[in-house]
Amino acid sequence: EPEVTQTPSHQVTQMGQEVILRCVPISNHLYFYWYRQILGQKVEFLVSFYNNEISEKSEIFDDQFSVERPDGSNFTLKIRSTKLEDSAMYFCASDPRGQGTGELFFGEGSRLTVL
Amino acid sequence: RKEVEQDPGPFNVPEGATVAFNCTYSNSASQSFFWYRQDCRKEPKLLMSVYSSGNEDGRFTAQLNRASQYISLLIRDSKLSDSATYLCVVGGLYSSASKIIFGSGTRLSIRP
């Protein structure tokens, strides 16, 4: 069964460093998402991406964050100058039909720890 | 008012019991509704979509009440494996079609 894969599974970084989280969505899916979940808290929407551009973004997704689909398969989330409060699980998801259908397929997540 | 609001629980029920969760959403223009399940420290997984007419999948029944902006999930004959956090998900607003919002989740624990 096709699946969304994410790397790394866990990254530890120093405050102020840049981090890139990678995702390979399911190949024929149209919309891609990044969500984050701080330990013990809710799954928070960060950004959606369609047709090689950002479709929607939340107030969390400020200038510190950026997304790219550099090569037609990988979908990356870059966090510039990480802060302690960026420590969270970051989930990538893809949607086969798009337009906010909500039938999301999630990767297993990348746990980011900022020291 | 939160965009998607759920009773956090925890619900602690015996095996075989019937349990119901509720969820309310704030934006009447929302178009799509789902229940997801999340096991501890795992990714969310789609449990079922929620349709206006109500829908059933085995022991699980979901209902949508658009007038009250209310979604429910009923689990019958609960199993130990049903222990998880259940997430109410709302999406598909006309103005923000791909902004899919998760509730905080309701924790369910099934005891033997």
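Note: the structure precedes this text.
About the thresholds
Residues numbered from 1 in each chain as written. Chains lettered and ligands numbered in written order. Predicted model: local features only at pLDDT ≥ 70, side-chain atom pairs only at ≥ 80, totals over all residues. Heavy atoms only, no water. Helix = DSSP H or I, 4+ residues; strand = E, 2+ residues; numbered from the N terminus. Rg over C-alpha atoms; globule rule 2.2 N^0.38 Å. Contact = heavy atoms within 4.5 Å. Areas by Shrake-Rupley, 256 points an atom, 1.4 Å probe, with all protein chains shown as cover. Lys, Arg positive; Asp, Glu negative; His and termini not counted. Charge placed at Lys NZ, Arg CZ, Asp CG, Glu CD. Buried area = accessible area lost by both parts, 1.4 Å probe. Salt bridge = Lys/Arg side-chain N within 4 Å of Asp/Glu carboxyl O. Polar contact = N/O pair within 3.5 Å; in protein donor to acceptor, adjacent residues only side chain to side chain. Nonpolar A, V, L, I, M, F, W, Y, C, P; charged D, E, K, R; others polar. Phe/Tyr/Trp six-rings, centres within 6.5 Å; stacked < 30°, edge-to-face > 60°. Buried < 20%, exposed > 50% of the residue type's maximum accessible area, 1.4 Å probe, protein only.

## What to know about the overall build of chain B
Helix and strand content of chain B: zero helices and 11 strands. Going residue by residue from the N terminus, the α and β elements of chain B occur as β-β-β-β-β-β-β-β-β-β-β. Over its C-alpha trace chain B gives a radius of gyration of 14 Å, about what one expects of a compact globule, namely 13 Å for 112 residues. Along the longest, intermediate and shortest principal axes, the C-alpha atoms of chain B span 45 × 30 × 20 Å. Across chain B, contacts joining residues at least 24 apart in sequence account for 57% of those joining residues at least 6 apart. Summing over all exposed atoms, chain B offers an accessible surface of approximately 5400 Å²; the carbon and sulfur share of this is 48%. For chain B, the distance from the average site of its 13 positive side-chain charges to the average site of its 10 negative ones is 4 Å.

## Some remarks on the interface of chain B and chain A
Taken together, the contact between chain B and chain A spans 23 residues of the former and 23 residues of the latter. Summed over both partners, the interface of chain B with chain A comes to about 1800 Å²; 54% of that surface belongs to carbon and sulfur atoms. One can count zero salt bridges joining chain B with chain A. Our enumeration of links across chain B and chain A arrives at five residue pairs in polar contact (both at pLDDT 80 or more). Mapped by element, the contributors of at least two residues to the side of chain B that touches chain A are β4 (32-38), β5 (44-50), β9 (84-91) and β10 (101-102) of chain B. When residues of the side of chain B that touches chain A are assigned to their parent elements, the largest contribution, four residues, is made by β4(B). In terms of residue class, the side of chain B that touches chain A is made up of nine nonpolar, 10 polar and four charged.

## Brief notes about the packing of aromatic side chains
We describe a pair of aromatic rings using the distance from one ring centre to the other and the angle between the two ring planes. Applying the stated rule across the entire model yields 18 aromatic pairs over all chains. Their ring planes at 75° and their centres at 5.2 Å tell us that Tyr35(A) and Phe102(B) sit as a pair that is edge-to-face. Linking Tyr35(A) in strand β4 (residues 31-37) with Phe102(B) in strand β10, this pair reaches from one chain into another. The residues Tyr35(A) and Phe102(B) share a single accessibility class, namely buried. Through pairs of rings, three or more aromatic residues link up here, namely Tyr31(A), Tyr33(A), Tyr35(A), Phe45(A), Tyr50(A), Phe91(A), Phe106(A), Tyr36(B) and Phe102(B).

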